[in-house]
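# Examining the three-dimensional arrangement
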Amino acid sequence: MQPTDSNTATASDATSPANDSQTIIVPPSKKKSKPSSKTRRRLKDAEPIPFTIERLSHDGRGVAIYGNGFGVDDGHAEDKHGKTTFVSFALPGESALVKITNSRASFEEGDAISITANPNPERTVPPCPHFGVCGGCNLQHWQPDSQINFKQSVLAEMLIHQANVEPDNWLAPVVGDRLGYRTKARLGVRYVVKKETALVGFRERSSNFLAELNECHILDPRIGFEIENLKTLISTLESRDKIAQLELAMGEQMPELPDGNQPVALIVRNLEPLSDADIDKLKVFFAARNWQLYLQSKGVDSIQRIALTDADDLSEQFGRLYYQLPEYDLTFEFIPTDFTQVNLSVNRQMTKLACDLLDLKPGERVLDLFSGLGNFSLPLARLVGETGSVVGVEGSEAMTERAATNARRNGINNTEFYSQDLTQDCTDQPWANQGFDALLIDPPRSGAWDIMQYLPKFNAERIVYVSCNPATLARDTKALLEQGYRLTHAGVMDMFCHTGHVESIARFEKVAG
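It should be emphasised that the depicted structure is a prediction, and the values quoted were computed from it without experimental measurement.

Next up on the list: the overall build of the chain. Counting its regular elements, the chain contains 11 helices and 23 strands. Radius of gyration (C-alpha) of the chain: 25 Å, near the 24 Å computed for a compact globule of 513 residues. Here the C-alpha coordinates of the chain stretch approximately 75 × 70 × 40 Å along the principal axes. The proportion of buried residues among the 513 residues of the chain is 56%. Long-range pairs, those at least 24 residues apart, make up 67% of the contacts in the chain between residues at least 6 apart in sequence. With an accessible surface of roughly 22200 Å², the chain has 48% of that area assigned to carbon and sulfur atoms. Across the chain, the mean location of the 53 positive side-chain charges is 6 Å away from that of the 68 negative side-chain charges.

What follows is the structure, encoded as structure tokens:
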């Protein structure tokens, strides 16, 4: 659970070194963070221990050291002095009472159950009543502006550590919706016989059990405040114990387009076929909310759309969802299983920032790697005009086709899209032979190390790199510096507020000569 403030603590006593990159250290891996059954039993009845929080780890947890200001009588055994403890829900400078939840030879982990003195002035009241139990987010106790500033310090520390570089210019953080922003998610489902109710939501922190949620303040409110109703619905089904998961995707309301008046889609993962009576209950519930309904009994190929009205088109496996980039007069079409950015308000600003950083001119030729459904390709195409061109390359053939469809539906004819294994050198392909003035890359969390090996062959003057993992961005930055590029700009974007995830962006420019 989240910590409570002691009546003796005052905000004026606190210090906040959270933005000092020298205080940041790397937390243990998820595998090491999972305590064994034996460890959990041993720690279950252990008394909480006082600590002083000295700094933060990369994921935003407090870091405390056994023996710093405390002795054996305080629970700091002498043989543990100097041992690091990672403390959830704690901020730098705070005195906290910590319940230890995991103990390893080289580190321990715990939860701050109360702040006994010196509460950090950046501490705030979490907006969600389930914060501290639900594992969906972990930083709601911290003011959002402080979260994003900290994430920028993490990026800065990574760049120094791995590439020994600072950007010429730090970009102002990109900030959008900080609550109700998440439009993509998978929610677990479990019917609890003893409670005669279904659980719907994310898992508890460091647990395989589902958290008992009634609402979610991070999810788009079209779903976040329907959780209680979803629980009631599932509890009434004959197959209530055979529903395992809900996969949700949301777009923007666009009633003039096919399925545009049904901007919410849920895929119900049913372990066994549902009865007609259960399907009818689902149809009534979904129709009342103008949601798209899908059933999935096995793999992705088994996903089946269920018609709610005579107007629903079942000629294809999926209906359509939409989002817009008004700055470029663009509307994107996607299906519920496609990858899209989870925070639409940040995505609008991110695409504009990437375009601005590339500083494109009419007639230029641009390469977009990991182009997906065209999220960056189409704005870039608008900027280079009919005399320029954009080539988008993506590993998924289905997403490549989606990008081409989106280009056509937006009247864009200066783009080409190709499906390609980007881990292999593709510079001998016909589309790559003419060179490029600018390049945009938006890889997965693993980064683009393989591409860094052949990227200089494209001879791009300017590169914008969008990343969801500052560690791999920093690693790839080192490669670009060695290949004759300069890091001119870097910054972070608040795509995943209240979580430890960091979305970042960097601009590189080819050094003359």
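Between helix α3 (residues 144–163) and helix α11 (residues 470–482), the least distance of the axes is 8 Å, while the angle of their chain directions is 40 degrees. In terms of orientation, α3 lies oblique with respect to α11. Taken as a pair, α3 and α11 cross one another with a handedness that is right-handed. Along its contact with α3, which presents Val 154, Leu 155, Met 158, Leu 159, Gln 162 and Ala 163, the element α11 presents Pro 470, Ala 471, Leu 473, Ala 474, Arg 475, Thr 477, Lys 478 and Leu 481.

What follows covers the state of the cysteines. Applying the stated rule across the entire model yields zero disulfides. Here Cys 216 is not disulfide-linked; the sulfur of Cys 128 is the nearest cysteine sulfur, at 6.0 Å. Between Cys 468, a cysteine without a disulfide, and Cys 497, which holds the nearest cysteine sulfur, the sulfur-to-sulfur distance is 17 Å.

Close contact between helix α5 (residues 227–235) and helix α6 (residues 276–289) brings their axes to 10 Å; oriented N to C, the two are set at 160 degrees. Judged on the interaxial angle alone, α6 and α5 are roughly antiparallel. The element α5 and its partner α6 pack so that their crossing is right-handed. Along the contact surface, α5 presents Asn 229, Leu 230 and Leu 233, while α6 presents Lys 281, Leu 282, Phe 285 and Arg 289. Here the contact of α5 with α6 is built from residues that sort into four nonpolar, one polar and two charged.

Further remarks concern the nonpolar core. Judged by nonpolar contacts, the single largest core of 88 residues is most densely connected at Leu 187, Ile 223, Leu 246, Leu 266, Phe 286, Leu 380 and Ile 505. It is helix α7 (residues 344–358) that provides the largest number of residues to this core, a total of eight residues. Residue contacts for Ile 505: discarding those within four places in its chain leaves Leu 171, Leu 353, Ala 354, Leu 357, Val 464, Tyr 465, Val 466, His 489, Ala 490, Gly 491 and Met 493. Of all hydrophobic cores here, the second largest spans 43 residues; its members include Trp 142, Leu 159, Ala 432 and Val 492.

Rules behind the numbers
- Residues numbered from 1 in each chain as written.
- Predicted model: local features only at pLDDT ≥ 70, side-chain atom pairs only at ≥ 80, totals over all residues.
- Heavy atoms only, no water.
- Helix = DSSP H or I, 4+ residues; strand = E, 2+ residues; numbered from the N terminus.
- Rg over C-alpha atoms; globule rule 2.2 N^0.38 Å.
- Buried < 20%, exposed > 50% of the residue type's maximum accessible area, 1.4 Å probe, protein only.
- Contact = heavy atoms within 4.5 Å.
- Areas by Shrake-Rupley, 256 points an atom, 1.4 Å probe, with all protein chains shown as cover.
- Lys, Arg positive; Asp, Glu negative; His and termini not counted.
- Charge placed at Lys NZ, Arg CZ, Asp CG, Glu CD.
- Axes fitted to C-alpha atoms, helices over the stretch in contact; angles between N-to-C directions.
- Parallel < 35°, antiparallel > 145°, perpendicular 65-115°, else oblique.
- Left-handed = near helix turned anticlockwise from the far one by under 90°.
- Disulfide = S-S within 2.5 Å.
- Nonpolar A, V, L, I, M, F, W, Y, C, P; charged D, E, K, R; others polar.
- Core = buried A, V, L, I, M, F, W, Y, C linked by side-chain atoms within 4.5 Å.

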